[in-house]
Amino acid sequence: WVNPVPYTTESLSRLLTRRGEIDAAVLLGSRAQNALLRKSAELPVIESSFGTNHIYIDEGADIAAAVQGVIESKRAFLPSAVNTVLVNWMISDDFLPALEGPAMAAGIELAGDARVRSTLHGIAEAREADRTDAGGRLLLITVNSLSDALAHIQKYGAGLCEGIYSGRAENIEQFCRRADAGALAVNAPPAKAAGYEAGLGADLGLSADKLGQRGPMGLARLTTLKYILKG
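Novice: Mind showing me how you'd approach the pairing of strand β9 (residues 183-186) here?
Specialist: For a regular strand, side chains alternate in direction, first toward one face of the sheet and then toward the other. With burial as the criterion, only one face of β9 is covered, namely that bearing Ala 183 and Ala 185; the residues Leu 184 and Val 186 on the opposite face remain uncovered. Here strand β8 (residues 161-165) runs beside β9; their pairing, made up of four bridges, is parallel. By the bridge assignment, Ile 164 is partnered in β9 with Val 186. Each parallel crossover has a hand, and the one from β8 via helix α7 (residues 169-178) to β9 is right-handed.

Novice: What exactly am I supposed to notice about the packing of helix α3 (residues 63-75) against helix α4 (residues 89-105) here?
Specialist: A pair of packed helices can be characterised by two numbers: the angle between their axes and the separation between those axes. Their axes nearest at 10 Å, the elements α3 and α4 cross at an angle of 45°. For the element pair α3 / α4, the angle class is oblique. The handedness of the crossing between α3 and α4 comes out as right-handed. Side by side, α3 and α4 meet where Ile 63, Ala 66, Val 67, Val 70 and Ile 71 of the first sit next to Ile 91, Asp 94, Phe 95, Ala 98, Leu 99, Pro 102 and Ala 103 of the second. Across the contact of α3 with α4, the residue classes break down as 11 nonpolar, no polar and one charged.

Novice: Looking at this structure, how should I read the nonpolar core?
Specialist: The biggest cluster of nonpolar side chains holds 23 residues, and the ones touching the most others in it are Ile 57, Val 85, Phe 95, Leu 138 and Leu 140. Contributions of two or more residues to this core are made by β3 (54-57), α3, β4 (84-88), α4 and β7 (138-143). The contact partners of Phe 95, leaving out residues within four places of it in the chain, are Ile 57, Ile 63, Ala 66, Val 67, Val 70, Val 85 and Val 87. Membership of the second largest hydrophobic core comes to 15 residues, among which are Leu 86, Leu 146, Ile 172 and Ala 179.

Novice: Honestly, the pairing of strand β1 (residues 25-30) in this entry has me stumped. Any pointers?
Specialist: Here β1 pairs with strand β2 (residues 45-50) via six bridges, running parallel. What sits directly across from Ser 30, in β2, is Phe 50. Viewed along the sheet, the connection from β1 through helix α2 (residues 31-38) into β2 turns out right-handed.

Cut-offs applied
Residues numbered from 1 in each chain as written. Predicted model: local features only at pLDDT ≥ 70, side-chain atom pairs only at ≥ 80, totals over all residues. Heavy atoms only, no water. Buried < 20%, exposed > 50% of the residue type's maximum accessible area, 1.4 Å probe, protein only. Helix = DSSP H or I, 4+ residues; strand = E, 2+ residues; numbered from the N terminus. Pairing = 2+ DSSP bridges. Right-handed = clockwise from strand over helix to strand, strands pointing away. Axes fitted to C-alpha atoms, helices over the stretch in contact; angles between N-to-C directions. Parallel < 35°, antiparallel > 145°, perpendicular 65-115°, else oblique. Left-handed = near helix turned anticlockwise from the far one by under 90°. Contact = heavy atoms within 4.5 Å. Nonpolar A, V, L, I, M, F, W, Y, C, P; charged D, E, K, R; others polar. Core = buried A, V, L, I, M, F, W, Y, C linked by side-chain atoms within 4.5 Å.

Structure representation (structure tokens):
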């Protein structure tokens with residue numbers, strides 16, 4: 001049985017108090033909106049947020065594949081869409097000019113730090129506030145190392161989806177071990193991190209929760225276990 005619900009904070013807040021009638025709610029919205037709705041929730045909530053996701057461009061990355069992955073992931077309207085690209089300064093002179101043309105053709109507005117703007121003239125300045133909410137822009141930040149990229153992700157990431165393009169197996173392994181997110185993409189567009197793509201049924205979003213459902217969510221994620229202990 002499917003019933004549409006008016007998508008307002010007031011209507012959803014009332015809905016989230018109906019414990020016993022509703023088993024669980026899946027919230028798909030901004031982190032600020034979800035935080036507001038959680039305050040009124042009296043039933044279990046699975047939070048699928050939109051938040052800051054990163055792609056780290058490492059030394060040895062396939063430039064063409066990385067550019068394509070960034071463009072695809074920025075244009076996708078998904079919780080795993082990329083907001084910020086972290087570029088190792090050793091590869092920035094190759095990657096940044098390669099990204100500029102396709103980004104302009106796709107209608108993507110770029111903003112960058114001082115090192116980025118010394119290569120891409122005329123783009124907007126990346127402000128501190130942009131690192132958690134860049135709006136519709138794509139933020140370009142240079143880093144000195146993989147460790148710096150991971151520290152940035154730890155500080156500003158939403159725990160949803162993080163990606164890496166790299167030609168170094170040891171860096172990929174370290175990234176996968178240390179990046180804290182429900183889904184990781186390795187030499188692939190993070191926009192593919194969705195419940196349907198993961199074979200979990202109709203897509204319900206992407207969860208950063210540490211308990212319950214984490215990572216890509218589909219209809220299959222709404223099933224639970226029932227334990228029967230026989231004596």
